[in-house]
Amino acid sequence: MRLRNKPWAKDKIEEHSQYIVANPENSKGNWHKVFEKDQPLHIEVGTGKGRFITEMARANPEINYMGIELYDSVIVAALDRLIEADLPNLKLLNVNAADLGKYFAKNDVDRVYLNFSDPWPKIRHEKRRLTYKDFLKLYEDIMVDGGEIHFKTDNQGLFEYSLMSFSEYGLLLKYLSLDFHKSGYEGNIMTEYEEKFSEKGNRIYRCEVKYQN
């Protein structure tokens, strides 16, 4: 993804700390205090422009949601969505996914969403894939026992790699679709990329896996 420099983005982020949590390390183990209600917490790692996480929060008020995005120039688009929606059960974090352990404690998170993550196709970049074993360990360390990962992509190579990574880690496969948009699944909320790729005729792959604690 080619990113446009937005020099004003950092200032905008700082001006809206009610939506993008500042000093998130101070909330580690106490995220329920950041939201209006103490509810299960689902996070999306790599939230992009925020369409998915915003619509999930709107559709499921009984769950708290957190969109995590590293790039300032991208998260401001998600921020605009959140400001407009003004949902009490949705926050954003402008941090690196590799540092999740600094901000979340064991049992803080109930579910992780990975949507159209960068496939990092070169072998030397394997460790950057969000379904690499080190990331799976990172998610496990912040989730409740039996926590789940829900994964969507249009990249067949990444999907096959991820299924193998999940299996080798010992995760339980709960759901699998090799052509998700033809599966009859109800209630799907599409990301911006999902809509774009689907319109081009790309097949969408999806799975749900669960930690066996």
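As the structure is a computational prediction, the values presented were derived from the model and not from experiment.

The next subject is the overall build of the protein chain. Each helix and strand counted, the protein chain has seven helices and seven strands in total. The helix and strand sequence of the protein chain, counted from the amino end, reads α-β-α-β-α-β-α-β-α-β-α-β-α-β. In terms of overall dimensions, the protein chain is globule-like: its C-alpha atoms have a radius of gyration of 16 Å, near the 17 Å expected for 213 residues. Judged by the C-alpha coordinates and their principal axes, the protein chain covers about 40 × 40 × 40 Å.

We now examine the UniProt feature "binding site: substrate" (unreviewed entry) in the protein chain. Within this structure's numbering, the places UniProt gives as "binding site: substrate" (unreviewed entry) are K122, D154, T191, E192, Y193 and E194. Across 73 residues, the annotated set is spatially dispersed, with a maximum C-alpha separation of 24.8 Å. Here E192 is to be found in helix α7 (residues 192–199). Relative accessible area serves as the criterion here: at 23%, E192 is assigned to the partly exposed category. For E192, the contacting residues outside a window of four places in its chain are K49, G50, R51 and R81. Within the secondary structure, E194 sits in helix α7. Look at E194 and you get buried, because its relative accessible area is 0%. In this view, E194 contacts F116, K152, F180, H181, N188, I189 and I204; residues no more than four positions away in its chain are not counted.

Per the UniProt annotation, the sites labelled "binding site: S-adenosyl-L-methionine" (unreviewed entry) are E44, E69, N96 and D118. Taken along the chain, the residues just named run across 75 residues; in space they keep tight, none of their C-alpha pairs more than 13.9 Å apart. If you trace the backbone, E44 turns up in strand β1 (residues 41–45). Given the relative accessible area of 2%, E44 is considered buried. Leaving out residues up to four positions away in the same chain, E44 has contacts with F52, I53, M66, G67, I68, Y113 and N115. A distance of 2.6 Å separates polar atoms of two side chains, one belonging to E44 and the other to T47. Relative to the helices and strands, N96 is located in the loop between β3 (90–93) and α4 (100–103).

Now for the pairing of strand β7 (residues 205–210). Most of β7 sits inside the fold, with five of its six residues counted as buried. Here strand β6 (residues 172–177) runs beside β7; their pairing, made up of five bridges, is antiparallel. The residue bridging L172 from the neighbouring strand is K210, located in β7.

Now for the sheet that holds β6. If you walk across this open sheet you meet the seven strands as β3-β2-β1-β4-β5-β7-β6, and the pairing is mixed. Both outer strands of the open sheet, β3 and β6, are each paired with one neighbouring strand and no more. Strand-to-strand, the axes of this sheet are offset by a mean angle of 15°, without reference to chain direction. Across the sheet, helix α2 (residues 51–59) lies against β1, β2 (64–68), β3, β4 (109–115) and β5 (143–153), angled at about 175° from β2, the strand it touches most. Its contacts with the sheet put helix α5 (residues 133–142) on β1, β4 and β5, and the angle it makes with β5 is roughly 135°.

Quick look at the pattern of salt bridges now. All told, the structure shown has eleven salt bridges when counted by the stated rule. Across the salt bridge formed by R58 and E55, the nearest N and O atoms sit 3.2 Å from each other. Of this pair, R58 and E55 both sit in helix α2, three residues apart, which is roughly one turn of that helix. Each of R111, E148 and K174 takes part in a single network of salt bridges with overlapping partners.

Conventions adopted
- Residues numbered from 1 in each chain as written.
- Predicted model: local features only at pLDDT ≥ 70, side-chain atom pairs only at ≥ 80, totals over all residues.
- Heavy atoms only, no water.
- Helix = DSSP H or I, 4+ residues; strand = E, 2+ residues; numbered from the N terminus.
- Rg over C-alpha atoms; globule rule 2.2 N^0.38 Å.
- UniProt positions renumbered as here; feature names shortened; annotations may be inferred.
- Buried < 20%, exposed > 50% of the residue type's maximum accessible area, 1.4 Å probe, protein only.
- Contact = heavy atoms within 4.5 Å.
- Polar contact = N/O pair within 3.5 Å; in protein donor to acceptor, adjacent residues only side chain to side chain.
- Pairing = 2+ DSSP bridges.
- Axes fitted to C-alpha atoms, helices over the stretch in contact; angles between N-to-C directions.
- Salt bridge = Lys/Arg side-chain N within 4 Å of Asp/Glu carboxyl O.

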